[in-house]
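Residue-level structure breakdown
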Amino acid sequence: MSEPKPPSPPSGDTYKGWLFKWTNYIKGYQRRWFVLSNGLLSYYRTQAEMGHTCRGTINLATANIAVEDSCNFVISNGGAQTYHLKASSEVERQRWITALELAKAKAIHMQAESDDSGDEGPMVPPSSGQGGGCRNSEIQSTLRTLNSKVEDLSTCNDLIVKHGSALQRYQLSEQFDYYREKKQYYPRQRSLMACRDFLSLAQTHSKRWQKALQTEREQRIRLEETLEQLAKQHNHLERAFRGATVLPPSFSGVSGKGDASDEDDDNEFFDAMEDPFDELSLTSNPESPQPLDIEPVRQRRTRIPDKPNYYLNLWSIMKNCIGKELSKIPMPVNFNEPLSMLQRLSEDLEYYELLDKAAKCQSSLEQMCYVAAFTVSSYSTTVNRTGKPFNPLLGETFELDRLRECGYRSLCEQVSHHPPAAAHHATSEKGWSLRQEITLASKFRGKYFSIMPLGSIQCMFDKSKNHYSWKKVTTTVHNIIVGKLWIDQSGEIDVVNHRTGDRCHLKFVPYSYFSRDVPRKVTGVVTDKDGKAHYVLSGTWDEKMEFSRVMQSSKGENGTEGKQRTVYQTLKAKEIWRNNPLPEGAENMYYFSSLALTLNEPEEGVAPTDSRRRPDQRLMEEGRWDEANTEKQRLEEKQRTVRREREREALKAASSPEEGAHQDNYQALWFEQIDDPISGEKMHVYKGGYWEAKEQGSWDMCPDIF
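For every chain, the first residue of the written sequence is number 1, and numbering continues from 1 onward in sequence order. Per-residue local features are limited, in this predicted model, to residues with pLDDT of at least 70; the limit for side-chain atom pairs, both in listing and counting, is 80 or more; totals at the level of whole chains, interfaces and linings are taken over all residues. Heavy atoms from the whole structure form the basis of all side-chain values; hydrogens and water molecules are not counted.

1. A few points about helix H12 (residues 625–653)
Counted only if it meets this: Under the scheme used here, helices are H or I runs from DSSP no shorter than 4 residues and strands are E runs no shorter than 2 residues, and both carry numbers assigned from the N terminus. Helix span is expected to be 1.5 Å times the residue number reduced by one. Summary of the burial criterion: residues with accessible area below 20% of their type's maximum are buried, those above 50% are exposed, and those between are partly exposed, where the area comes from a 1.4 Å probe applied to protein chains only.
Taking 1.5 Å per residue, 29 residues should reach 42 Å; H12 reaches 42 Å between its end C-alpha atoms and fits that length. Of all the residues in H12, the buried ones are Trp625, Ala628, Asn629, Glu631, Lys632, Leu635, Gln639, Arg646 and Ala650.

Right, here's the structure in full:
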């Protein structure tokens, strides 16, 4: 059974109705009253406004009408006026499209006629006498009606010609010109006869034209269905190809709204930037396809032992430590989670796919959006993680080798003990690398304690040579004395592209009980080197981020601090990142993500200094907390003894006692300290050798720290 023919708009020059119009990211689509009349499309907030306030008008003679999907369409005049509209149903959208196309064709035709001549109307000689004047008026009225019908028929013909070359054999325009000549030069009696003949001819061909138009519509529908089937087949082939690489479920694409055909396809996300105004689209790298005979990757664990129900009063331990550095407070494992700070640092790569997509961007501004989303995504795993990670021992390392599964691998090393500092280096086969050195400054404030990460994070892309840097925001753990512990992230981040001068200013809004904003809100604006805004980002650091392209910006009213706000008019927002759901039973497993569950899994071939080999951490994961506390004290005392020995050696090597006092001559094993040309600060960077040592199984250079 063929699809029912969409209803046509009512006859006449005016068409009215409700449509949803996109306003901005904050308000989204708003219901507006639209009126199509005399080739102009106008809109009002309500029907009552029609008498006094028009909100906007587009001349259809110069407008472009584009259909986006079943209910959405766009009208633009090529300038500053662009309406993104949504109908309540596909049928209603088709009614509007038909009415708009007819009105546009008629407006173009009328404009062409007015340009050709100002007096193409029928020439009616004057008559004397009252009776003659009445008859003359009647004839003119009749001719005006006929002319209107002629114009309507010509408009329909223009629309039919536009939709298919098969209709070009109907030379309505030639017939129109022929009869128009008759109107102009024949007496008025013959003019009336010619018009009647024309109407009779038009009625004769009307059914034929309608049938041809219906055939054209049916062919278009069949073509759309064929394209849809091809798209689904292409989608299934891509999934089958990715399935051959045996990706673990934890690294599959994020799922969003939609049917099963586009549920978790990462590549489909790149269509988000393909709007009528966006020429900055992602492009796939011309890489040769990977062979399908890849051996299956390792299946990672999906569970760890449940957290024991040990109770300990945190306040009884910390009440005498107010104002002290948190890393210097001796804490039992009861308040820890069975991961080290090095492993938590490696969790920044949870959403590495954002950097994979960023590496494919042709536009640096578009790439900045993905890098900014990546910086936000690193906080998503902390929302329920109130446990404190183990402080790494000096020289402790952690490798995260996901080269076969995900195309990247990373290495962390604790390069300093006081202040505690960790260096991290990651590289990917997709053309990006990441490095960071994080020093944690933390203070206990009584009701809460704050963790202020110091040091910078840098991300480099091989193809574009773009070099980004940013810093982390402050993490605060609340309700230390009473109540349920909860975590908040607050502060501002400036992500800077040092090659182009592009910048993204991100603001992590601190939670306030009295605020009407959503909790954990993050906003950001991407600007070029001249300060012009191109993209707006918005979302939350624990759930998702969206971005939308800025079409226009203007100064708004003054804000709460007296600063003038900037109002951005944007296109419809697109989702750029969404968090992965926690595994089943996560509340009993320290709220670990799927990646976090695998980080402490025993693995052969890693360095003897790897966090997986740390005995107190392993005992805690197994639920043997009393033994873990004893082992933790032993390791910390061993570390203090080794440090005192280094200080004694530094004192002996110094030329004077004052010079050698409290010096620590420790040198990192896999990282070296340099003066970073980007930040101007000293920074540890990877100097190489680790992965070669792992391949050879030679770890003689590693210290005995456990």
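Here the narrative resumes.
2. Focus on the pattern of salt bridges
Condition: Note on definitions: salt bridges are taken to be side-chain nitrogens of Lys or Arg within 4 Å of carboxyl oxygens of Asp or Glu.
Inspection of every chain in the model, using the stated rule, returns 39 salt bridges. Glu627 is the partner of Arg624 in a salt bridge, and the nearest nitrogen-oxygen pair spans 2.8 Å. Residue Arg624 is classed as partly exposed on the basis of its relative accessible area of 37%. We classify Glu627 as partly exposed; its relative accessible area is 40%. Between Asp704 and Lys638 there is a salt bridge, with the nearest N and O atoms lying 3.6 Å from each other. Residue Asp704 is found in the segment after helix H14 (690–696), and its partner Lys638 is found in helix H12; the two are separated by 66 residues along the sequence. The exposure class of Lys638 is partly exposed, given its relative accessible area of 25%. Here the salt bridges do not stand alone but share partners, grouping Arg298, Arg300, Glu405, Glu601, Glu603, Asp610 and Arg612 into one network.

3. Looking at the pairing of strand S1 (residues 14–24)
The condition that has to hold: DSSP calls a pair of strands paired once it identifies at least 2 bridges connecting them.
With ten bridges connecting them, S1 and strand S2 (residues 28–37) associate as antiparallel partners. Considered in S2, the bridge of Trp18 is made with Trp33. Linking two consecutive strands that pair antiparallel, namely S1 and S2, is a turn of three residues. In terms of strand pairing, S1 meets strand S7 (residues 82–86) through two bridges, oriented antiparallel. Residue Phe20 lies in a different strand from S7, and its bridge partner there is Lys86.

4. Overview of the pairing of strand S3 (residues 40–44)
Burial within S3 is extensive, with four of its five residues counted as buried. Direction of pairing for S2 relative to S3: antiparallel, over a ladder of five bridges. Looking at S3, one finds that Ser37 is bridged to Leu40. In textbook terms, the turn of a hairpin is the stretch between consecutive antiparallel strands, and for S2 and S3 this stretch comprises two residues, one of which, Asn38, has a positive phi near 55 degrees. Sheet analysis places S3 next to strand S4 (residues 56–59), joined by four bridges and oriented antiparallel. Considered in S4, the bridge of Leu41 is made with Ile58.

5. Description of the sheet that holds S3
Note the threshold: All axes are obtained by fitting lines to C-alpha atoms, using only the stretch in contact for helices, and the reported angles, taken between N-to-C directions, cover 0 to 180 degrees.
Taken in spatial order, the seven strands make up an open sheet running S4-S3-S2-S1-S7-S6-S5, and their pairing is antiparallel. A single partner strand is all that each edge strand has here, and the edge strands are S4 and strand S5 (64–67). Taken pair by pair, the neighbouring strands of this sheet meet at an average axis angle of 35 degrees, ignoring direction.

6. A look at the nonpolar core
A general trend in soluble globular proteins is that nonpolar side chains are found buried together. Quick reminder of the rule: Each nonpolar core is a collection of buried residues, namely Ala, Val, Leu, Ile, Met, Phe, Trp, Tyr and Cys, held together in the definition by side-chain atoms within 4.5 Å.
Among the nonpolar cores identified, the biggest contains 66 residues, and Trp432, Leu434, Phe461, Trp470, Val495, Leu506 and Phe508 are the most heavily contacted of them. Counting residues per element, this core draws most heavily on helix H8 (residues 364–377), at nine residues. Within the second largest apolar cluster, 20 residues are counted, among which are Phe34, Leu36, Phe73 and Ala99.

7. Observations regarding the environment of Val685
Rules: The contact criterion used is simple: two residues touch if any of their non-hydrogen atoms lie within 4.5 Å.
If you trace the backbone, Val685 turns up in strand S26 (residues 682–686). By relative accessible area, Val685 is classed as buried at 9%. Taking the C-alpha atoms as reference points, Val685 and Ala423, separated by 262 residues in sequence, lie 7.2 Å from one another. Residues in contact with Val685, not counting those within four places in the same chain, are Arg435, Trp670, Phe671, Glu672 and Ile674.

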